[in-house]
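Results of the structural survey
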Amino acid sequence: MPTPDTFWSYFGATVTYLAVLAVPGGIVGRAAGLRGWALAGLAPLLSYTVTGLAGPWLALAGVSYNPLTVAGVTAVLAGLGFGLRKLGQSRGWIKQGAEEPPTKWHPRAHYAVAACVALAVGISILVVLSARGGTTAVFQRWDTVFHANGIRYIAETGDGSLTGMGTINWYPDGSFYPNAYHLVGSLVYSISGTTIPVTLNAITMPVAGIFALSMVALIRQLGGRAVFAGCTALVAAAATTGAYESVSSGLLPFALGIVLTPLAVVALARFLARPGLDTGYVLALTAVGLLAAHSSALFGALLFAFPLVVQRWYRALRHKPLDGVPEGRGGWRVIGGDVVKMVPVMAGSALLAAPHILGALKFTSGSYPYYAWGSDLPVLKSLGLLVTFRQVLSAPQVWLTVLLVIGVLGLFRLGRMRWVGLSAIGFSALFVLVASFGAEPWVISLSRPWWNDRYRLMALAAIPLCLLAGHGMAELQRWFAKWASGRSWVKSRPALPARLGLATAVFVVAASAVLTKGFYTESNAHAVSFLYYNGPEGEVTPPVSADELAAMNELTKMNIGPDEKVLNERFDGTAWLYAITGIHPVAGHYDPGVPPPDAKYLALHFRDYDTDPEVRAAVRRLNIKHVLIGSTPIKIGEPPAPGLRDLDGLDFLRKDFSNAGASIYTLTR
């Protein structure tokens, strides 16, 4: 069924998504005491926390997941945060202020940084809009069908459990998957009233803008310059490997986890500066939100933030001033205190995320196969990909490389953010290991949270690399301002020195925009376009074709009951049947790993319906009355399953619809 692709459909869905990001998390964060950039940055993550907790816990309680019950969970979490903050204040445990940024920004700086974030959001939306594949705009990559079906399943059934949406393909019991992405998507789908493909596009469009906001919140929390924050926001919107590359591969929840990862540092820094019930509560919710967004996001956040802790403990052992630590306190006492104070936060996080943790443990011990990618690129090529911010594109992002080099050379000027250098080294080394030695057993084990996938590890490495490139851009502004301040024509005009900061910042941003051709908007759109075609550069054949969509639309006219399944080929676009129409397919995902026994048997033997009683029994069990066959496989060159080939002329089938790329058959007996 061709999906609506109008300005207003996308506008309505995008506005709905932004509201879902801002409102639940904003209410919870403000109740817990967050203000300013910390509140703005953490609100999206906390919204995913709210939904990520609401779905599984409401399912355990037998309560439907919908906008009303999410509002109730929001109220409960906000009330708990407000109560903890007031309890701490009444007992004198909280002395607010120590957790706030150590430096102040001029009001004009706040406005300028906000403008950079807004520009980053606009760039992100423009990139995705420019990348769309025709009027249907259906995502074509491997896991996108699973995410699409999951969003519709939650919206239609109210089942927000961690296994429910998996029943579209792995029936009857489903399969574990952290589903905060889908829970938010179901709210957008339900509230906006648009289609699933439009919903997915709307959720994807601002992804790099969220990355920019997260970076700004991190830099602001740690006392970085406003110029640094604004420049990094624009770098985050320009770097292909930051958010766009994961999106282009269809790794949608993973991309979400990447862009939210910097916020772990915001919550951690606030807690370390002032341990308390309120800051600990926010840190616990942050950890849960990352886990609910994607199981690897929490691992990545821990690795990303750990160098900050190392720097803090190093300074403690050297008796240097630390946020939230009285002067004269011993280094080992600081380290011990940090560890002890983290214990209740970890316990609280584990309690809130118990369904996710237990589900993950059960999944990893189950029968789902794990396949390592085994990448073996030359080390120099891996390093080259890393520093040029690209893997799916052939052209390097040279100007970001230049900014990265400047940022690394000026690392000593980062002050309390020098730990970013350690984070960059650690993640870069992990990427090179996976990209160049991915078949080694110990590398496979080390990188298992990221499925031994170099594309995922590149996105993780992009976080500190984007920070360093943003720092390099800010250092250029500092150099230009210093150079200009020494000019005689500046000194002779008293009003000019005060305006040099803004003028040079505008100059650097404008020059960067020109040199990068609009912050690499066109090349990033080309990268994201792979999401709509499922192929390398130049590949333009979408697995979910217009012919298959037309056939799906025809099925909606055949009065197919809610308890029926339509037999389909696993590797063609018909796996999208449920997401597009609400009709259940036999194969609801391209993934062949651990298929339901009946689905596997029918794929191999359906043509033997007349002579094989087990085929007829499987058809009865699944209540199959129709067959839908497409033509464009997700795996290029993949032939149809043996049992679903050459169905024309079989006497137990009647062809009711056919076009160039799809056919519908009805069982006659």
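Numbering of residues begins from 1 in every chain and follows the order in which that chain's sequence is written. Only residues with pLDDT of at least 70 get local features here, since the model is predicted, and only at 80 or more are side-chain atom pairs given and counted; chain-wide, interface and lining totals rely on the full set of residues. In computing side-chain values, all of the structure's heavy atoms are included and hydrogens and water are not.

1. Regarding the overall build of the protein chain
The criterion, for reference: Helix numbers and strand numbers start at the N terminus; a helix is a DSSP run of H or I with at least 4 residues, a strand a run of E with at least 2. Using C-alpha atoms as the atom set, the radius of gyration is obtained and then compared with a globule rule of 2.2 Å times the number of residues to the power 0.38. The rule is simple: take the accessible area with a 1.4 Å probe, protein chains only, and divide by the maximum for that residue type; under 20% is buried, over 50% is exposed, in between is partly exposed. Contacts are assigned to residue pairs with any non-hydrogen atoms lying within 4.5 Å of each other. Computed with the Shrake-Rupley method and a 1.4 Å probe, the accessible areas treat only the protein chains shown as cover for residues.
Assigned secondary structure in the protein chain consists of 28 helices and five strands. The C-alpha radius of gyration of the protein chain comes to 26 Å, within 12% of the 26 Å expected for a compact globule of 669 residues. The principal-axis extents of the C-alpha atoms in the protein chain amount to approximately 90 × 55 × 50 Å. Looking at the 669 residues of the protein chain, the share that counts as buried comes to 58%. Expressed as a percentage of contacts within the protein chain between residues at least 6 apart in sequence, the contacts between residues at least 24 apart total 76%. Looking at the protein chain as shown, the accessible area adds up to about 26600 Å², and 65% of this sits on carbon and sulfur atoms.

2. So, unusual backbone geometry
A cis amide bond links tyrosine 171 to the next residue, proline 172, at an omega of 5 degrees. Its place among the elements puts proline 172 in the loop between helix H5 (144-157) and helix H6 (180-192). The backbone of tryptophan 451 sits at a positive phi, close to 55 degrees, despite the residue not being glycine. Residue position: tryptophan 451 is located in the loop between helix H20 (441-446) and helix H21 (454-485). The class for tryptophan 451 is partly exposed, based on a relative accessible area of 29%. In this structure, tyrosine 520 takes a positive phi of about 60 degrees despite not being glycine. Mapped onto the fold, tyrosine 520 is located in helix H24 (residues 517-529). Exposure remark for tyrosine 520: the relative accessible area of 11% places this residue in the buried category.

3. Describing helix H9 (residues 226-238)
Because each turn of an α-helix spans 3.6 residues, side chains separated by three or four positions in sequence point in the same direction. Applied cut-off: To estimate the expected span of a helix, count its residues, drop one, and scale the result by 1.5 Å.
With 13 residues, H9 extends 19 Å from end C-alpha to end C-alpha; this agrees with the ideal 18 Å at 1.5 Å per step. Here H9 lies mainly inside the structure; 13 of its 13 residues are buried.

4. Topic: the pairing of strand E5 (residues 663-667)
What counts here: Strands are labelled as partners when DSSP assigns at least two bridges between them.
With five of five residues buried, E5 lies mostly within the body of the structure. In this structure, strand E3 (residues 624-629) lies alongside E5, joined through four bridges in antiparallel fashion. By the bridge assignment, histidine 626 is partnered in E5 with threonine 666. Strand direction decides the pairing type here: strand E4 (residues 653-658) and E5, joined by five bridges, are antiparallel. Bridge pairing in E5 places phenylalanine 657 opposite isoleucine 664. Connecting the antiparallel pair E4 and E5 is a turn made up of four residues.

Remember, this is a structural readout, not a statement about activity or role.
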